[in-house]
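# Chains, contacts and geometry: an overview
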Amino acid sequence: MSLWVDKYRPKSLETLSHTSRLTNLLQSLAVEPRDLPHLLFYGPNGAGKKTRCMSLLQSIFGSGIYKLKIDVRQFTTPSNRKLELNVVSSPYHLEITPSDMGNNDRIVIQELLKEVAQMEQVDFQTGSVAESGGLAHRYKCVIINEADSLTRDAQAALRRTMEKYSRNIRFILLCESMSSMIAPIKSRCLLVRTPAPNTLETIEILSKVAKSERVSVEDESILKLISESCDGNLRKAILTLESMALNNEMALKTTSPLIRPDWVVVILKMTNRIVKDRSVSSIVECRSTLYDLLAHCIPAKVIIQELAFALMKEVRSDEHRLGVITWASVFDERLCLGNKPIYHLEGFIARVMCELDA
Amino acid sequence: MSDGFFAKRQKVTHAQSLSIEDSKPWVEKYRPKKLEDVTAQDHAVTVLRKTLKSANLPHMLFYGPPGTGKTSTILALTKELYGPNLTKSRVLELNASDERGIAIVRDKIKSFARLTVSKPSASDLENYPCPPYKIIILDEADSMTSDAQSALRRTMENYSNVTRFCLICNYVTRIIDPLASRCSKFRFKPLDSSNAISRLKYVASQESLKFDDGVLEKVLDISQGDLRRAIMLLQSSSKLVKHLDPPLITSLAVDELAGTVPNELIDTLTTKIASMDFNDIMSCVASLERSGWSGAAVTNQLHEYYINNDQFATRFKNAVSWIIFDSDSKLTNGGNEHIQLANLAIRVANLYRKGM
Amino acid sequence: MTVMKPRLKRSLSSLSSQINESRESTSPRRSDVRVNKRSRASNSSAALPGCNTARQAENSEWHQKYQPQELSDLVLHKRKLQDVRNILEPMVSGESSCRILLLTGPAGCAKSTCIKLLAEELISNRVHKPSGLTLVSKTSQESPYCIEYDGSNLPSGVSKTDHFDNFLTEARYRTGPNLAVLLAEDLPNVFHQSTRTQFQQALLRWLYSSQAQLPPLVICLTECELQALDSKNLGFSIDTHFIAETVLGFDNLIHPRLQRIKFNPINKTLLKKHLNDICVQERHAFIPGKWEHRNTFISNAIQNCGDIRSSTSALQLWATTTGSSLPNNGTREHSISYFQGLGRIMYGSKEICDDNQMINQLVLSSSANLGETLKLGLLENYAAYNKQKFPVSYAMDILDALSLGDTMSSDSSMQDLQEALEYPLRVARRKLSELNGEQSLSHSKPNFPRESKVRKLCKLFVSDVDNYSYITMQKYNSWHTFRNIALHFGFFAPLIRKHRNYKKKALNHHLNSLGSPSERCAIIEANASILAVDEEQDVLKRIGGDLSLVNATQDFESKEKEDEPAASNSKTLAFLRLYNKNSVSEGIMDGDENDDMSDEISDPIVHSEDGDDDSLDFSDEDDTIYDILASQSPRKPGRA
């Protein structure tokens, strides 16, 4: 059996947990699937954007939407480099994460979507709308994960595709940050804010999972601990719950140690070091750690975020906190503008050390 | 074949015809049909009406903020000039969604421009002026590349006997000088709120919408004088509440759709900032983030709050607007929302602390 | 020499053309000298080994004229010469198992001259060839003891890719009385990928050949960094680094039958002596007034470059033309290496005391490619200054400059800004010079940037993730995005599965001890999720390995292994592997789909197998090469 996080993922609109307001909205959209606008889900990681979008599609197309298969598609860039992209699809939808492609995402968007759009058009001509069962084949849904990391170019290309093929394609964009989406895309989509569950909701969901898996929970305080450490990220919370349950023979006590992802622990240790040992040699050692985090493909922006907020907690005086957050914002921007994250991460650490020395 | 099949089929076709009616964007549906219908652009309309009489049209350049009726005006004008039959052969409309590189200017625009005008039918001649030239409308012309623009210049000159151009743009400065100097310019002012409200009311009554008090004002407020955005917003919120009982549009729904943060949340944040407790501020920002509010929207609304608030001194406003500018630019560059928002809040709080 | 860095070559040939030009324009008095010189030159060239007719016309160039004719003339460190001799001698006598001798080093450090002279000496000692008999040498100029591969001289009907292969095939019987040293200095066009593959395989076959006696094969490789067309591509590939690792391939390099000797730029003292000797010989050719300044010139010229050929040319140009300028530091444009550049930024330069000028020159002479490496190297090494004992604020300033510099260079559409390199370098130089470290004289060897190491690890991680995703997809029908795997599943999923695996083992043990089948069924049903874990299939290790540290390296070797083409196809390969596994075990995939998939596997593998088909007639009784090739790349079933 799969992980609990997949096992207990709601599969239909009726079973969605938390934020009933949103569920109502989606249900009203599902009433008239013909009218489905392009959608833009936004909200923090692990809030359930994907789950909601799949549930919506399930209510439109039926459970065939979960018959996933995966293809590797090849693209050729103008400079003749070959790119490979995983495309997950069901008979009714298609899912891509073009941000893996870096600067070449525009080509992927253009090529792939054009292909899909035209393929569907052919379908149209061969079978009349009524015979093919009406709704199901009228359009295909394209889910774009991490749409906020699309380049401007790709977004502009997407905007054109949206208009050109709006008859046969519906887009569902998922993103964490709305700020990097260009205005024309925002104005063409129905914006769906997906808030993360609050601590109470998280605890409720966790205890439900624990109950069905026959995990004995000594006290809710341990669940509270988990949900607080996960900060509304339900995915992380359930994964933590499962690994802790297995670690403790399916019996969670209040004293059971909290399991955090190793990279978070590493960053916390680094934070400690930055505060305690402010020297050049300390920076050098941090660099080795940073490089290993990067080698494990932890995004640099996540590293700086974790680091900054850990520092904000660690640092006592308000003056120092002001310094930390100011420099975090500066180096966070430079991360987006530059192309070698290591300079900026190490630069941030050095800045913070100086700020604390002052 | 079974009855069931036919029943299904009927249902589908029925639903289809409905949907076409339904899904037509209101922006198109309520576009002004005649020049007189264009609201609040008296200057442009008067001039254009004169040309309508003389049937002699210069090249035109419409500029102004979005949603002020530029496209509507030119479309209405062409309708009045040519009537429904002739419009198709006489008018070419290209907007930003079409590729408009230099190749398009060379091929598509040029080949249309050099066509000789077709003969209008007798009935058209009776009802419409049908002047002997074609019109090419280039919507969002400011997004054309400058080499495409300069290629256009030649085309404009060469075929001016049979073709008139109408360029539409938001920023007149982005049109290269040689092009701008060949056109008579019309500036479209932002709509004043009374005009816009009456238009929204008209749409709402036509669609028999039910709404809370102040919703239309809210819609207008959010769209900042952009009538198109306002109408689109109205349409999507009506769609949202269609299946509710009663289908009442609330300002909360409008807020949600537009992605704006409810004022209560902004108020909480600003009080926290004023209290200068960094811990409180951090947790407040974290909860905003957790609820998924967009950082850009929060920044915008904080800007409104601080700048349009008379209780603050100018010096303070200066400093705040600098901080907000900084955060906004970092966000636009792709910065992390949480970090940037926290930075914004803490730095404003620090201004309080410095006693500004 | 065609494979030498294009720019290098250009500078050299432009030098000689300038020399000739200036000669044409000088007074008639000097034309006598020229005639005189030419006759002398041609005299000497007749005895000169390895000097072909094409070169003869240019023989008035000093670097040709003073090419050493005896081993004792060789401008090379005695120890290095002995090293080469120690390896080549047993190769010639057939006592050595070594089949290929690889000489690497910068341009103009006497690699090939050394081999030619050694070959003459060693072979003429062994076989006493009748002087009149020229059975094999095609031109009278060519030495019978040393056969050079000439990539430019392409006979018709031979494809470029096969040319080198043919050369080896023809030359393999040059043993016994015909013994000669095969010298490959000129290589086929290794920038072309399939030519390179062919070339590498030809060498592999040579190494694995079953023939008992093979003539010694010597490859002289002039290593250099190239200006990459794509400045963003900083990986170590042949397009940026023309070095043994990229040209010959890893498999050749680690082979025990290949020996490698690294040549260094020529020692300053030796070079100085050599130049002085030339000066004395050519005194008559000096333009009046130049002779007096020769020492200044020489000391200048030897400072930065150990390239005997180009410094001789520079000397000639300077001595025979009227221009009075001393050569700027370095006679070649590209004399700045990574280490030199780094050293200058960190500790200043002894030659150019003015830091401003030094940096100006550094920036001018560094390619875009080196620039990025230089910045990364600065990041890696700035802390080594004064053994890390300096205030953090200095480190901060340097890092800040590096970070700012990086944001300047990022825009992919724009050409890289010069300032993006210059700014960090200047700041670093200023800050470090303010520090005034006492130990600045004794500094340790700098580290290489870890960037490529990290990139390689990233690639491994990505292929691990792909592996994981396909398993999750096939087995559990769920799909996670890369980002989520990197952040959450990569850590949690293996952890959970590992726990379950333990449980499963315990449970199995328990089940075996149970008697009644009904009880067993009940337990099996209740623990389906635990029993589903399959040690073989599921990923039980943290994706990408446990977190630790990525440490800096001082040696170049460890990270040289080229990204195998197969690695870039990780997606397809991992996918295919799983696909096949599944279709075998479950039998649900139909034939055509499988076919489609195998077509998707792209060329590198197919190529290597084609290559190995070619070798059938060459070494049919020797199976080792198949094993080698097979272990290189996973083979598709049904194709082999």
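Residues numbered from 1 in each chain as written. Chains lettered and ligands numbered in written order. Predicted model: local features only at pLDDT ≥ 70, side-chain atom pairs only at ≥ 80, totals over all residues. Heavy atoms only, no water.

### Focus on the overall build of chain A
Within chain A, the secondary structure is distributed over 14 helices and 9 strands. Going through the 358 residues of chain A one by one, you find that 64% of them count as buried. Here the contacts in chain A between residues at least 6 apart in sequence split such that 70% fall between residues at least 24 apart. For chain A, the accessible area works out to roughly 13100 Å², and carbon and sulfur atoms hold 49% of it. (Helix = DSSP H or I, 4+ residues; strand = E, 2+ residues; numbered from the N terminus. Buried < 20%, exposed > 50% of the residue type's maximum accessible area, 1.4 Å probe, protein only. Contact = heavy atoms within 4.5 Å. Areas by Shrake-Rupley, 256 points an atom, 1.4 Å probe, with all protein chains shown as cover.)

### Thoughts on unusual backbone geometry
Here the phi dihedral of Asp231 of chain A falls at roughly 55°; this positive angle occurs in a residue that is not glycine. On the secondary structure map, Asp231 of chain A appears in the loop between helix H8 (220-230) and helix H9 (234-247). Asp231 of chain A sits in the partly exposed class, given a relative accessible area of 44%. Even without a glycine there, the phi angle at Met276 of chain B is positive, about 65°. Of note, Met276 of chain B is situated in the loop between helix H13 (263-275) and helix H14 (278-290).

### Re the interface of chain B and chain A
In this assembly, 52 residues from chain B lie in contact with 52 residues from chain A. For the chain B and chain A pair, buried surface summed over both sides reaches about 4500 Å², with 54% attributable to carbon and sulfur atoms. Across the chain B-chain A interface, the total number found is 2 salt bridges. Ionic pairing is found between Arg290 of chain B and Asp231 of chain A, a salt bridge with its closest N-O pair at 3.3 Å. The interface formed by chain B and chain A contains 19 residue pairs in polar contact (both at pLDDT 80 or more). Within the residue set of the side of chain B that touches chain A, elements represented by two or more residues are helix H1 (3-23), helix H11 (227-241), helix H12 (251-258), H14, helix H15 (295-307), helix H16 (314-332) and helix H17 (337-353) of chain B. (Buried area = accessible area lost by both parts, 1.4 Å probe. Salt bridge = Lys/Arg side-chain N within 4 Å of Asp/Glu carboxyl O. Polar contact = N/O pair within 3.5 Å; in protein donor to acceptor, adjacent residues only side chain to side chain.)

### Some thoughts on the sheet that holds strand E7 (residues 258-262) of chain C
Residues and elements named next belong to chain C. Pairing is parallel across the open sheet formed by 5 strands, whose spatial order is E2-E3-E4-E1-E7. Every interior strand has two partners, whereas the edge strands, strand E2 (146-148) and E7, have only one. Strand after strand, the sheet turns through a mean of 20° between neighbouring axes, direction not considered. In this structure, strand E1 (residues 100-105) lies alongside E7, joined through 5 bridges in parallel fashion. Counted as the bridge partner of Leu103 is Ile261 from E7. On top of the sheet, helix H5 (residues 78-93) reaches E1, strand E3 (181-184), strand E4 (217-222) and E7; it is set at about 160° to E7, its chief contact. (Pairing = 2+ DSSP bridges. Axes fitted to C-alpha atoms, helices over the stretch in contact; angles between N-to-C directions.)

### Overview of the packing of aromatic side chains
Counted under the stated rule, the structure contains 15 aromatic pairs over all chains. Plain terms: the ring middles of Phe491 of chain C and Phe492 of chain C are 5.1 Å apart, the flat faces sit at 70° to each other, and that makes the pair edge-to-face. For Phe491 of chain C, a relative accessible area of 13% gives the class buried. Linked through ring pairs, Tyr305, Tyr306, Phe312, Phe316 and Tyr352 of chain B together constitute an aromatic cluster. Between the NZ or CZ atom of Lys11 of chain A and the centre of the ring of Tyr66 of chain A, over which it lies, the distance is 5.5 Å. Positioned above the aromatic ring of Phe112 of chain B, the side-chain terminus of Lys134 of chain B is 5.7 Å from the ring centre. (Phe/Tyr/Trp six-rings, centres within 6.5 Å; stacked < 30°, edge-to-face > 60°. Lys NZ or Arg CZ within 6 Å of the ring centre and 35° of its normal.)

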